[in-house]
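Close look at the chain arrangement
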Amino acid sequence: MASNKNSKLRDIDRVIRNNLGPLTKPGVLTVRPGYEIADDQLTGKAAIVVTVHTKRALASLSRDEVLPNSIERIPVDVREATAHQRLRAHDPAAAALIQAYGRPEDKDPEWDYEREMPSGRLLSDNRSAIRKALAYRMANQPATARALHAHTQKQKIAYVPAPGVSLDPVALRQATITAHVSPDAGLATLQSFLTGTQHSLVVGMYDFTSGPILQTFKTVLDGTKTLQMVLDNPPPNKIGDQTDPQTVAELDQVLGRRAKIVWALDRPDVFAAAWMFPYAYHIKVIVRDGNTVWLSSGNLDNSNQPDLHAPPHTEDRDWHVIIQDTTLAGIFGAFLDQDYASAKDHQTAADAGADMQRAVADANTKLAAETNPPVNTRVIPTDGKYVPAKVFRNVNVSVTPLLTPDKVEGSTTQGQYLTNILQLIASAEHSLYIQLQYIESSSGSGDYNGLLQAIADRVAAGVDVRLIESAEYGMKWAEKMKAAGVDLTQNIRLQRNVHNKGFVVDSKVVVISSQNFSPAGIEDNRDAGVIIPSQPIAAYYEKFFVSDWEERAKPFVAGKPVSGAKKSTTQKTAAKKSATKKARQPAGKAAGKRAIATRTPRK
C-alpha cells in the first residue's frame, strides 16, 4: 500500500515538473503532491497542493493571478500558507530557529517532493533559493548561527527516574477524585485546589502564563508555605498575560527563598545548559502538600484554564483530574523532585548567551507577525450551561500512573506509557474514544507505527473507534496519513480548540494525560497521565467526548454526515452563492480556473 502511495506521489510530481509555468503565479510559495481538501474535508482525491501567501476574493484578482482548477485531470488544491511557511519564504534562518526552539505542535510536516516556487526546486535541494538564503544569513547573522549551533551541540545528559519508585498500578482506598474539564470548570476547580494548600506545592509544568493563576499562587503561598517548580520555557503564546520568565521573576520576588524554581532540561530551552528531553518538558502536574495530585492535559494559561467571566479569544477543550491519595501523590512528587535535582545543576546564567536569546526572541516576533489573528471561538455548550466538576468520594480503584520517557521496570527499551496504552487499546471490545490535539502520521515502522496500528486493528475488529483532533493542528497530519504509514482518516473528526489528550475505553476506563500522539510524545518528552478504571468516572468524561463528537466536530473525510449539524438557511444561501460564483469563472485551456488570490511574499 505504501509503495502505491509513493508511486502516485511520484507521478503527480512529474506532472508538476512538466507544468511549472501554469503554477507560477504571484504569491505562490510551494507546490507538492498531496490530497485534496475542500471545506476542511478530505475528498480522497490525489491533488497538486499549492501553498499561497494569502487568499483573496476572486473579484480582486486579475486573470494572470488565477491558478488552474486542475492539470492533466489532477485537481489543484490551493492552501493559505501557515505562519511558518510564510516566514520561511523570506527569512529561512528565523524559520529554522522556530523549528529548533518552537512548540512541538507548531512543527510542520515534511512533505515528499515539496518544491519552492518560482524555481521549482525541491526544498531539500541546496540550489534552492531558500537553502541559499539560509546559507547567506547563517554566514552574516552570527547570533542566529550560534543559536542554531548551540541547539545541535547542547550537551545531552542521561535521564534519571525517581530512584526506587515503581510505576505499577496504585490501589486507592477511600480516595477522593474530582473530575472536571475546561472550559466548563477548569479554572475554578484549579483555584479551589490551590487555595487548599497547607504547606507546599510541587509543580512540573510546560507553560505558566495565566495572570489569574499567578495571582492565586502568590496569594495562597503565604507565611512559610513553599513552592518547588520545574518549568519549560516555550515561545510566548498569543493570549498569555505574561511570559514564563516573567512568571518566575514575580514568584521569586514574592516568595524569596521559599521558592525553588528551575528551568526544565529540554533541548529548545535557552535557559538550560544541558538536555534530557529533546523537544519539551510537556508535563502538567501539581502535587499539593504531598497528599493530593492535580493532573491535566492543559497548562497554566488562559486558553487551557479560561476565566468564564472574562474569556479569552479561545477556550480549549482540556480534561483534568484531582486525586487525593498520599501514595499516588508521593509517586508523582518523587519524579518531580528528581526532575528538580537533575535540572538545578545545569542552569544557564541569566546573562549567558544573551545575543542567542535575543535571536530566538526575534524569530518568535517575526513568526507572530506572520500569524493570522486568532479566530474568536469558544467551546460554548449548546444549552448555554457549563458542566461543573464532579467529586467522587470513597473511591476504591487501581490507578496506573503514566510517565514518559520512563521504561517498564527491568527494561531499558520498553516504554512504560506505550506498554500500558497498547494494552488498554487492545482491550477495547465495544468502543474506543480518543481526543487529542493532533496525531502525527507514522513512518510505517517503529513503536509509534505500532501505536497507530493498534488503533487500526480495533477498527478492523469492528470496535466503535472515534478520534477527535484539533482542527488547527490535526488537519495537516491527517492529510499526511494518506501518504504515509497507518491511515486512520475515516475515523477522524476535527474540532476547533482541542488541547485534550484523553481516552475513554468501553465506557469504563478513562485516561487523563498530557501525551500527544507523536513519536516524541509517547517516547521522549516528559509527560504524565493516569489510567482510571472506573465506570462512573469514565462516564463523566465520555459525556463530554460524545457531545463534542456530535455537536462540535466535523468528519475529516468528506461524504460522511455530520451528526446533529443540519445546514441553516444562511449556510444554504452561502453554498448556493458559492456554486453560482464558481459557474461564472472564466474557463482555462483544459480545465477552468481556480478562484484563488495571492499576495506577493515579502523579500
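All of these numbers come straight from a predicted model, not from anything done at the bench.

Here the focus is the packing of aromatic side chains. Applying the stated rule across the entire model yields 10 aromatic pairs. Ring centres of Tyr540 and Tyr541 lie 5.3 Å apart, and the angle between their planes is 85°; this geometry places the pair in the edge-to-face category. Taken as a pair, Tyr540 and Tyr541 share a single burial class, namely buried. Chaining the aromatic ring pairs together yields one cluster made of Trp319, Tyr540, Tyr541 and Phe544. In this structure, Arg32 packs its charged tip against the face of Trp111, placed 3.6 Å from the ring centre. Between the NZ or CZ atom of Lys107 and the centre of the ring of Tyr279, over which it lies, the distance is 6.0 Å.

For the rest of this paragraph, the subject is the nonpolar core. With 56 residues, the main nonpolar core has Phe332 and Tyr541 as its most contacted residues. Among the elements that make up this core, the one with the highest residue count is helix α10 (residues 326–344) (8 residues). Discounting residues that sit within four places of it in the chain, Tyr541 has contacts with Thr178, Ala179, His180, Val181, Trp319, His320, Val321, Val504, Val510 and Ile512. Core analysis: the second largest hydrophobic core is formed by 40 residues, Leu9, Val463, Leu488 and Ile531 among them.

Our next topic: the side chain of Asp91. Counting through the fold element by element, Asp91 comes out in the loop between α3 (83–90) and α4 (92–101). For Asp91, a relative accessible area of 3% translates into the label buried. When sequence neighbours within four positions are dropped, the list of residues in contact with Asp91 reads Arg137 and Lys366.

The next subject is the packing of α3 against α4. As a packed pair, α3 and α4 sit with axes 6 Å apart at the nearest point and diverge in direction by 140°. By the criterion of interaxial angle, the relationship of α3 to α4 is oblique. Between α3 and α4, the contacting residues are His84, Leu87, Arg88 and His90 on the first element and Pro92, Ala94, Ala95, Ile98 and Gln99 on the second. For the contact of α3 with α4, the residue count by class is 5 nonpolar, 3 polar and 1 charged.

Time to look at the sheet that holds strand β6 (residues 115–116). Spatial strand order, β4-β5-β2-β1-β6: 5 strands in an open sheet with mixed pairing. The open sheet has two edge strands with one neighbour each: β4 (70–71) and β6. On top of the sheet, helix α14 (residues 471–481) reaches β1 (28–38), β2 (41–52) and β5 (74–80); it is set at about 80° to β1, its chief contact.

Of all residues in the chain, 89% attain a pLDDT of 70 or more, and the chain-wide mean is 89. Confidence drops under a pLDDT of 50 for residues 561–603, and excluding neighbours within four residues, the segment shows 75 contacts in the predicted structure.

With that out of the way, let us pick up helix α8 (residues 211–220). Residues of α8 that are buried: Ile213, Leu214, Thr216, Phe217 and Val220. Along α8, the residues classed as buried sweep out an arc of 160° about the axis, all on the same side. Structurally, α8 contributes buried residues whose contacts are with α7 (186–195), β9 (200–205), β10 (226–231), α9 (244–255) and β13 (284–288). Residue Ser210 occupies the N-cap position of α8, its side-chain oxygen lying 3.2 Å from the main-chain nitrogen of Ile213.

This next bit is on the pairing of strand β19 (residues 492–495). On β19, burial covers both faces: Ile492 and Leu494 on one face and Arg493 and Gln495 on the other are all buried. Where strand β18 (residues 464–470) and β19 come together, 4 bridges link them in parallel fashion. Bridge pairing in β19 links Ser470 to Gln495. Note that the unit made of β18, α14 and β19 has a crossover that is right-handed.

Cis peptide bonds are those with omega within 30 degrees of zero, and the linkage from Met117 to Pro118 qualifies with 10°. Its location among the elements puts Pro118 in the loop between β6 and α5 (129–140). With an omega of 10°, the peptide bond between Thr404 and Pro405 qualifies as cis. Positionally, Pro405 belongs in the loop between β16 (390–404) and α12 (416–427). The phi dihedral of Asn497 is positive, around 65°, even though this residue is not glycine. With respect to the element layout, Asn497 can be found in the loop between β19 and β20 (501–505). Judged by relative accessible area, Asn497 falls into the buried class, the value being 6%. A positive phi angle is found at Asp506, which is not glycine, with a value near 55°. Relative to the elements of secondary structure, Asp506 occurs in the loop between β20 and β21 (509–513).

Below, the discussion takes up the environment of Arg493. Within the secondary structure layout, Arg493 lies in strand β19. The exposure class of Arg493 is buried, given its relative accessible area of 9%. For the pair formed by Arg493 and Gln41, sequence separation is 452 residues and the distance between their alpha carbons is 9.5 Å. Separated by 2.8 Å, the side chain of Arg493 and the backbone oxygen of Trp549 make a polar contact.

It is worth spelling out the side chain of Asn299 at this point. Within the secondary structure, Asn299 sits in the loop between β14 (292–296) and β15 (318–324). At 3.5 Å, the side chain of Asn299 and the backbone nitrogen of Asp207 are in polar contact. In terms of polar contacts, Asn299 uses its side chain to reach the side chain of Lys284, at 2.8 Å. Not counting residues within four places of it along the chain, the set of residues in contact with Asn299 comprises Met205, Tyr206, Asp207, Lys284, Asn304, Gln305 and His499.

Structurally, the α-helix is built with 3.6 residues per turn, so residues lying three or four positions apart point the same way. Along its 15 residues, helix α13 (residues 446–460) runs 21 Å from first to last C-alpha, staying within 8% of the 21 Å computed at 1.5 Å per residue. For α13, the set of buried residues is Tyr448, Asn449, Leu451, Leu452, Ala454, Ile455, Ala456 and Arg458. Looking at the buried residues of α13, the elements they touch are α12, β17 (431–436), β18, α14 and α15 (519–523). At the exit of α13 stands Gly462, carrying a positive phi of roughly 90°.

Cut-off values and rules
- Residues numbered from 1 in each chain as written.
- Predicted model: local features only at pLDDT ≥ 70, side-chain atom pairs only at ≥ 80, totals over all residues.
- Heavy atoms only, no water.
- Phe/Tyr/Trp six-rings, centres within 6.5 Å; stacked < 30°, edge-to-face > 60°.
- Buried < 20%, exposed > 50% of the residue type's maximum accessible area, 1.4 Å probe, protein only.
- Lys NZ or Arg CZ within 6 Å of the ring centre and 35° of its normal.
- Core = buried A, V, L, I, M, F, W, Y, C linked by side-chain atoms within 4.5 Å.
- Helix = DSSP H or I, 4+ residues; strand = E, 2+ residues; numbered from the N terminus.
- Contact = heavy atoms within 4.5 Å.
- Axes fitted to C-alpha atoms, helices over the stretch in contact; angles between N-to-C directions.
- Parallel < 35°, antiparallel > 145°, perpendicular 65-115°, else oblique.
- Nonpolar A, V, L, I, M, F, W, Y, C, P; charged D, E, K, R; others polar.
- Pairing = 2+ DSSP bridges.
- pLDDT = per-residue confidence, 0-100.
- Arc of directions from axis to C-beta.
- Polar contact = N/O pair within 3.5 Å; in protein donor to acceptor, adjacent residues only side chain to side chain.
- Right-handed = clockwise from strand over helix to strand, strands pointing away.
- Expected span 1.5 Å × (residues − 1).

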